[in-house]
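# Examining the three-dimensional arrangement
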Amino acid sequence: MVALNPPVCDFGQPAVDFALPGTNGRQHTLADCRGPNGLLVMFICNHCPYVQAIIDRLIRDCRELAGHGIGSVAIMSNDVVAYPADSPEEMRRWAVELGFPFPYLHDASQQVARAYGAVCTPDFFGYNAALRLQYRGRLDASGRAPAAADAPRELFRAMCQIAASGQGPAVQQASIGCSIKWRE
């Protein structure tokens, strides 16, 4: 697996609309997922050790962000033929098993990941109420293993700041993760 870092935040970039099927059997759109104070779009997958290292913290943070008016959505864009651990059935199993508090969507065409410029899992895009990009950083200092329990909650703090002011932090640490598995 190749570890990649996404580019720095392109402040003000508008969110890209989507309509994708979720593990709950429903179609979800950008409008469905947003909260009154913003939206966190997350590109994740089941098999990535970087995602597995943070998934419990991510679930916790998304639950708490809902109380700040921030909606959350996770999108899986990997090639499921090459990576069957990321298949829709496995996505559904994982979402139920872990009790995801956000829709988990399958981007089978990979067009949504390309439109967002996603490069790795996890890759986070934090938008304000106007759906303008304000955060493209990491969850915390975790890598292939979880960071210390007392590690600063970078994504959570940034999204709370965005909910309160509409602006993200000027300094952001890039996420790190496995490359998105593009189809040939």
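Refer to the structure presented above.
Below is a short write-up of the structure. Just so you know, these numbers come straight off a predicted model, no measurement behind them.

Strand order in the open sheet formed by three strands is β1-β10-β7, and the pairing between neighbours is antiparallel. Taken across any chain shown, the strands that pair with only one partner, and hence form the sheet edges, are β1 (3–4) and β7 (120–121). Note that β1 and strand β10 (residues 177–179) share two bridges and pair antiparallel. Bridging across to β10, Ala 3 finds its partner in Cys 178. Each of β1, β7 and β10 touches helix α2 (residues 49–66); the most contacted strand, β10, lies at about 140° to it.

Within helix α3 (residues 88–98), burial applies to Met 91, Trp 94 and Ala 95. Buried residues along α3 cover an arc of 100° about the axis, so they all sit on one side. Away from its buried face, by an angle of more than 90 degrees, α3 presents the exposed residues Val 96 and Glu 97. Contact partners of the buried residues in α3: α2, β5 (70–76) and β6 (104–106). Phi for Gly 99, located one or two positions after α3, is positive at around 65°.

Across a regular strand the side chains alternate sides, sitting on one face of the sheet and then on the other. Where burial is concerned, most of β5 is hidden: seven out of the seven residues are buried. A two-sided burial pattern is seen for β5, the buried positions comprising Ile 70, Ser 72, Ala 74 and Met 76 on one face and Gly 71, Val 73 and Ile 75 on the other. As paired elements, strand β4 (residues 38–43) and β5 share six bridges and run parallel to each other. Paired with Leu 40 across the bridge in β5 is Ser 72. Taken together, β4, α2 and β5 form a β-α-β motif whose crossover is right-handed.

Going through the model one piece at a time under the given rule, you end up with eight salt bridges. Across the salt bridge formed by Asp 61 and Arg 60, the nearest N and O atoms sit 2.8 Å from each other. The partner of Asp 61 in a salt bridge is Arg 153, with the nearest N and O atoms 2.6 Å apart. Of this pair, Asp 61 sits in helix α2 while Arg 153 sits in the loop between β9 (133–135) and α5 (154–165), and the two are 92 residues apart along the sequence. The class for Asp 61 is buried, based on a relative accessible area of 0%. Look at the salt bridges and you will find they share partners, linking Arg 60, Asp 61, Glu 64 and Arg 153 into a network.

Once that is clear, we can look at the environment of Arg 60. Inspection of the secondary structure assignment puts Arg 60 in helix α2. On a C-alpha basis, the gap between Arg 60 and Phe 156 in space is 9.6 Å, while along the polypeptide they are 96 residues apart.

The rules behind these values
Position numbers for residues start from 1 in each chain and track the written sequence from start to end. Since the coordinates come from a predicted model, pLDDT governs what is reported: local features require at least 70, and pairs of side-chain atoms require 80 or more to be given and counted, while whole-chain, interface and lining totals use all residues. Computation of side-chain values: all heavy atoms of the structure, hydrogens and water removed. Pairing between two strands is assigned when DSSP locates at least 2 bridges connecting them. The numbering of helices and of strands both runs from the N terminus, where a helix is a DSSP run of H or I of at least 4 residues and a strand a run of E of at least 2. Contacts: residue pairs with any heavy atoms within 4.5 Å of one another. The angle between two axes is taken between their N-to-C directions and runs from 0 to 180 degrees, where each axis is a line fitted to C-alpha atoms and a helix contributes only its stretch in contact. Per-residue accessibility, obtained with a 1.4 Å probe over protein chains only, is compared with the maximum for each type, and a residue is labelled buried under 20%, exposed over 50%, and partly exposed between these values. An arc is given here, and it is the one of the directions from the helix axis to the C-beta atoms. If the strands point away from the viewer and the path from the first strand over the helix to the second runs clockwise, then the crossover is right-handed. Salt bridges are identified by distance alone: a Lys or Arg side-chain nitrogen within 4 Å of an Asp or Glu carboxyl oxygen.

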